[in-house]
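Topology and contacts: notes
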Amino acid sequence: MSSRINIARPRDMGSAYGNGAAGYNSNPHGFAAPPPAYQTPSSANPDDPVEKIRAYATKVEDMVEIYSQPLKPHLPAIGRFLIVVTFIEDAIRILTQWSDQNWYLQKHRYFPWGISHIFLLLNIVTMLGASGAIITKRYSEIAVGSLLGVIILQGFGYGLIFDINFFLRNLSVVGGLLMVFSDSMVTRRTFFAGLPNLSDNDRKKYFQLIGRVLLIFLFIGVTLQGEWNFTRLAFSLVGLTACVMVAVGFKAKWSAAFLVILLSFFNVLVNNWWAVHDKHPQRDFLKYDFFQTLSIVGGLLLLVNMGAGGISVDAKKKF
């Protein structure tokens, strides 16, 4: 066998010692020289368009990483606040429109007197309490579950559960809440060794996957509304490309940051409720859409901070 050590004296002395003093044999024990495991690939062609795009993307990522350093420690707090801001606004709106809300529930949704009051009061207490818990990072899991319950309760209570716009927007809000949930998860030690167990790290990966996929549904809902023109088409194509990158976890931080900027501009230009008269019926709808979009931006900020997670293209590229 060529890999076995040869302990006998070499028969050919010339094979053991080369010509001259520098001819010492570096393999005196007869080990076979292992074949090369791989060949070094040739250097990338700098004129290749793909390489140019890759180099430019890397440069942009480095610049974003450098200039976002002062803001990065505050991203989790900002993201959590923005995610729950739509619930805070909704609770304040119910308080300031208490009689109108009761009238609507009783006349149009046929709530009995007293049940409508309990319904509204339960929504206010839950939204304010759970939002405060998420902002202060206390009992985040219970708070996320409570707000998920509010979304379902309001969908049935106001008869919006089958409205496609309400459905897509609230799917994105749920995605943001799941990002909060995954951010709050910590690794716990397993007390039953040897038993099959899904660790918190594994759960966190799955919640991050579901959360980032649900976050993009708001943009899908936006593209389905309004009249089509060239600007809207270009906006939709660019935005949907970034949404797909977020969903599969490819350059997820960069794509999420791009969507934060894109949705922020869209929110200010389209959902400008402050420019509408107080008595105009469209004002409340624009205000609702504005704060819901802020919640999606908050979820995307958490994605920028945490990354795509273990189930993503970015994670696979590291190995």
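Worth saying up front: this structure is predicted, and the values here are computed from it rather than measured.

Our focus in this paragraph is helix α3 (residues 75-96). An ideal rise of 1.5 Å per residue puts 32 Å on 22 residues; α3 measures up with 31 Å between its terminal C-alpha atoms. Bending of α3 peaks at approximately 40° at the position of V84.

Let us look at helix α7 (residues 164-184). Because an α-helix packs 3.6 residues into every turn, residues spaced three or four apart end up facing the same way. Taking 1.5 Å of rise per residue, 21 residues should cover 30 Å, and α7 covers 30 Å from first to last C-alpha, within 8% of that figure. Here α7 lies mainly inside the structure; 17 of its 21 residues are buried. The distance from a side-chain oxygen at the start of α7 to the backbone nitrogen of N165 is 3.3 Å, and the residue carrying that oxygen is D163.

Considering all chains together, one arrives at eleven aromatic pairs under this definition. When the centroid spacing of 5.7 Å and the interplanar angle of 20° are considered together, the rings of F235 and F266 count as stacked. With F235 in helix α10 (residues 230-248) and F266 in helix α11 (residues 252-270), this pair connects stretches of sequence that are 31 residues apart. For the pair W273 and W274, a centre-to-centre distance of 5.9 Å together with 75° between the ring planes defines the contact as edge-to-face. Residue W274 is classed as partly exposed on the basis of its relative accessible area, which comes to 43%. Taken together through their ring pairs, the aromatic side chains of Y104, F111, F119 and Y158 make up a single cluster. The ring centre of W273 lies 4.8 Å from the NZ or CZ of K287, which sits over that ring.

With that settled, the discussion passes to the packing of α3 against helix α5 (residues 115-135). Look at α3 against α5: their axes get within 9 Å of each other, and the N-to-C directions meet at 155°. On the basis of their axis angle, the class for α3 and α5 is roughly antiparallel. In the crossing of α3 with α5, the sense of the turn from one axis to the other is left-handed. Listed contacts from α5 to R80, F81, V84, F87, I88, D90, A91, I94 and L95 of α3 are L120, N123, I124, M127, L128, S131, I134 and I135. When its residues are assigned to classes, the contact of α3 with α5 shows 13 nonpolar, two polar and two charged.

Inspection of the secondary structure puts N123 in helix α5. Separated by 3.1 Å, the side chains of N123 and Q154 make a polar contact. Among residues more than four places away in sequence, those in contact with N123 are I94, V150, L153 and Q154.

Moving on, we come to unusual backbone geometry. The phi dihedral of Y110 is positive, around 60°, even though this residue is not glycine. Along the chain, Y110 falls in the loop between α4 (98-107) and α5. In this structure, K251 takes a positive phi of about 50° despite not being glycine. Looking at the secondary structure, you find K251 in the loop between α10 and α11. Overall, K251 belongs to the partly exposed group, its relative accessible area being 24%.

To continue, consider the environment of H277. By the element assignment, H277 lies in the loop between α11 and α12 (282-306). Reaching out from H277, the side chain makes a polar contact with the backbone nitrogen of K279 at a distance of 3.1 Å.

What follows is about the pattern of salt bridges. For the coordinates displayed, the defined rule picks out three salt bridges. When the shortest N-O distance is used, the salt bridge between R93 and D90 registers 2.3 Å. Of this pair, R93 and D90 are both found in helix α3, three residues apart, which corresponds to roughly one turn of the helix. Accessibility assignment for this pair places R93 and D90 in one class, buried. The closest approach of N and O atoms between D289 and R169, which form a salt bridge, is 3.5 Å. Note that D289 is positioned in helix α12 and R169 in helix α7, a separation of 120 residues in sequence.

The rules behind these values
- Residues numbered from 1 in each chain as written.
- Predicted model: local features only at pLDDT ≥ 70, side-chain atom pairs only at ≥ 80, totals over all residues.
- Heavy atoms only, no water.
- Helix = DSSP H or I, 4+ residues; strand = E, 2+ residues; numbered from the N terminus.
- Expected span 1.5 Å × (residues − 1).
- Bend = angle between axes of the 7 residues up to and from the residue.
- Buried < 20%, exposed > 50% of the residue type's maximum accessible area, 1.4 Å probe, protein only.
- Polar contact = N/O pair within 3.5 Å; in protein donor to acceptor, adjacent residues only side chain to side chain.
- Phe/Tyr/Trp six-rings, centres within 6.5 Å; stacked < 30°, edge-to-face > 60°.
- Lys NZ or Arg CZ within 6 Å of the ring centre and 35° of its normal.
- Axes fitted to C-alpha atoms, helices over the stretch in contact; angles between N-to-C directions.
- Parallel < 35°, antiparallel > 145°, perpendicular 65-115°, else oblique.
- Left-handed = near helix turned anticlockwise from the far one by under 90°.
- Contact = heavy atoms within 4.5 Å.
- Nonpolar A, V, L, I, M, F, W, Y, C, P; charged D, E, K, R; others polar.
- Salt bridge = Lys/Arg side-chain N within 4 Å of Asp/Glu carboxyl O.

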